[in-house]
Amino acid sequence: MHDLVDTARPGDEVEITGIYTNKFDYTANVKHGFPVFQTIVEANNLKRFGDEEIIELTNEDVNEIRSLGRSKGIGMKIVNSIAPSIYGYEFIKKALCMAMFGGEAKDVGGKHRIRGDINVLLLGDPGTAKSQFLKYVE
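As a convention, each chain's residues are numbered from 1 in the sequence order in which they are written. In keeping with the predicted nature of the model, local features appear solely for residues at pLDDT of at least 70, side-chain atom pairs appear and are counted solely at 80 or more, and the whole-chain, interface and lining totals rest on all residues. The side-chain quantities take in all heavy atoms of the structure and omit both hydrogens and water.

### Quick word on the pattern of salt bridges
Every case where a carboxyl oxygen of Asp or Glu lies within 4 Å of a side-chain nitrogen of Lys or Arg is listed as a salt bridge. Counting across every chain of the model gives 1 salt bridge. Residues Asp-12 and Arg-48 are paired through a salt bridge, measuring 3.7 Å at the closest nitrogen-oxygen approach. Remark: Arg-48 occurs in strand β2 (residues 37–48) and Asp-12 occurs in the segment before β1 (14–24); sequence separation between them is 36 residues. Overall, the relative accessible area of 27% leaves Arg-48 in the partly exposed class. The helix count covers DSSP runs of H or I at least four residues long, the strand count covers runs of E at least two residues long, and both are numbered beginning at the N terminus. Accessibility here uses a 1.4 Å probe with only protein chains present; expressed as a share of the type maximum, an area under 20% marks a residue as buried, one over 50% as exposed, and anything in between as partly exposed.

### Re the environment of Arg-9
Looking at the secondary structure, you find Arg-9 in the segment before β1. With relative accessibility at 57%, the residue Arg-9 sits in the exposed group. The spatial distance from the C-alpha of Arg-9 to the C-alpha of Arg-48 is 9.6 Å, given a sequence separation of 39 residues.

### Focus on the confidence of the model for the chain
Reading predicted coordinates in detail is not appropriate for stretches of low pLDDT. Confidence along the chain averages 78 in pLDDT terms, with 85% of residues attaining 70 or more. Mean pLDDT values for the elements of the chain range from 61 in helix α5 (residues 130–137) up to 91 in helix α2 (residues 59–70). One number per residue, pLDDT, summarises how confident the predictor is, and it ranges from 0 to 100.

### Topic: the nonpolar core
By convention a nonpolar core is built from buried Ala, Val, Leu, Ile, Met, Phe, Trp, Tyr and Cys residues, the set being connected through side-chain atoms within 4.5 Å. Formed by Val-79, Ile-82, Ala-83, Ile-86, Ile-92, Leu-96 and Cys-97, the largest nonpolar core amounts to 7 residues. The leading source of residues in this core is helix α4 (residues 90–101), at 3 residues. Throughout, a contact is declared for two residues whenever any of their heavy atoms are within 4.5 Å. Beyond its immediate stretch of four places on either side in the chain, Cys-97 contacts Ile-78, Val-79, Ile-82 and Gly-102.

### Focus on the environment of Asn-44
As for its position among the elements, Asn-44 is in strand β2. Given a relative accessible area of 53%, Asn-44 falls into the exposed group. For the pair Asn-44 and Ile-16, spaced 28 residues apart in sequence, the C-alpha separation works out to 7.7 Å. Once residues lying within four places of it in the same chain are set aside, the contact partners of Asn-44 are Leu-4, Thr-17 and Gly-18.

### Here's the deal with the environment of Asn-45
Along the polypeptide, Asn-45 turns up in strand β2. Accessibility expressed as a relative area gives 40% for Asn-45, which makes it partly exposed. In the structure, Asn-45 is positioned 29 residues away from Ile-16 in sequence and 5.9 Å away in space, judged by C-alpha atoms. Among residues more than four places away in sequence, those in contact with Asn-45 are Leu-4, Glu-15, Ile-16 and Thr-17.

### A few points about a nonpolar patch on the surface
Like-charged residues are merged into a patch within 9 Å and nonpolar side chains (Val, Leu, Ile, Met, Phe, Trp, Tyr) within 5 Å, provided each residue has over 30% relative accessible area and no salt bridge. Shrake-Rupley sampling with a 1.4 Å probe provides the accessible areas, and residues are treated as covered by the protein chains on show and by no other component. Taken together, the side chains of Val-14, Ile-16, Tyr-20, Val-41, Leu-121 and Leu-123 define a hydrophobic patch exposed on the protein surface, amounting to about 550 Å² of accessible area. When residues in the nonpolar patch are grouped by element, the largest group, 3 residues, is from β1. Its place among the elements puts Leu-121 in the loop between β4 (112–114) and α5. With relative accessibility at 59%, the residue Leu-121 sits in the exposed group.

### Considering α4
A turn of α-helix holds 3.6 residues, and therefore any two residues three or four places apart point the same way. Under the convention used throughout, the expected extent of a helix is 1.5 Å for every residue step, that is, one less than its residue count. Relative to the 16 Å expected for 12 residues at 1.5 Å per residue, α4 spans 16 Å between its end C-alpha atoms, a close match to the ideal helical length. Among all positions of α4, only Ile-92, Lys-93, Leu-96, Cys-97 and Ala-99 are buried. Along the long axis of α4, the arc covered by the buried residues comes to 160°, so they all point the same way. With respect to the buried face of α4, the exposed residues turned more than 90 degrees away are Phe-91, Met-98 and Phe-101. Throughout, the arc means that of the directions going from the helix axis to the C-beta atoms.

See below:
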């Protein structure tokens with residue numbers, strides 16, 4: 001709402017900070033005969049990705065990445081490198097790894113291929129380090 005309107009377009013990668021809440025839907029309540037609530041995120045901050053400066057990899061960097069990719073247990077090394085100061089929550093760390101490195105490629109009209117859309121929404125009780133996970137992933 002307000003100043004966040006039109007700051008991002010469909011297809012942009014964004015990080016949204018807001019309040020996850022529900023909204024009573026009166027029309028659905030009348031139609032179904034029981035209370036119906038919509039879940040929404042009231043955003044109070046929006047950060048667009050892709051506006052950062054692009055850094056090119058050297059041949060030495062590429063060779064080091066390939067050698068790391070061939071090493072044994074690289075998956076768990078990556079999982080353990082996300083938010084190392086936060087104990088436990090391996091399932092969340094694995095989900096973030098899958099979001100960063102996974103996805104089905106899209107073939108746009110046979111012209112070029114792009115990474116598929118992946119969205120992660122972390123919900124939980126206060127004090128479960130949700131914001132800390134996102135700081136490590138950035």
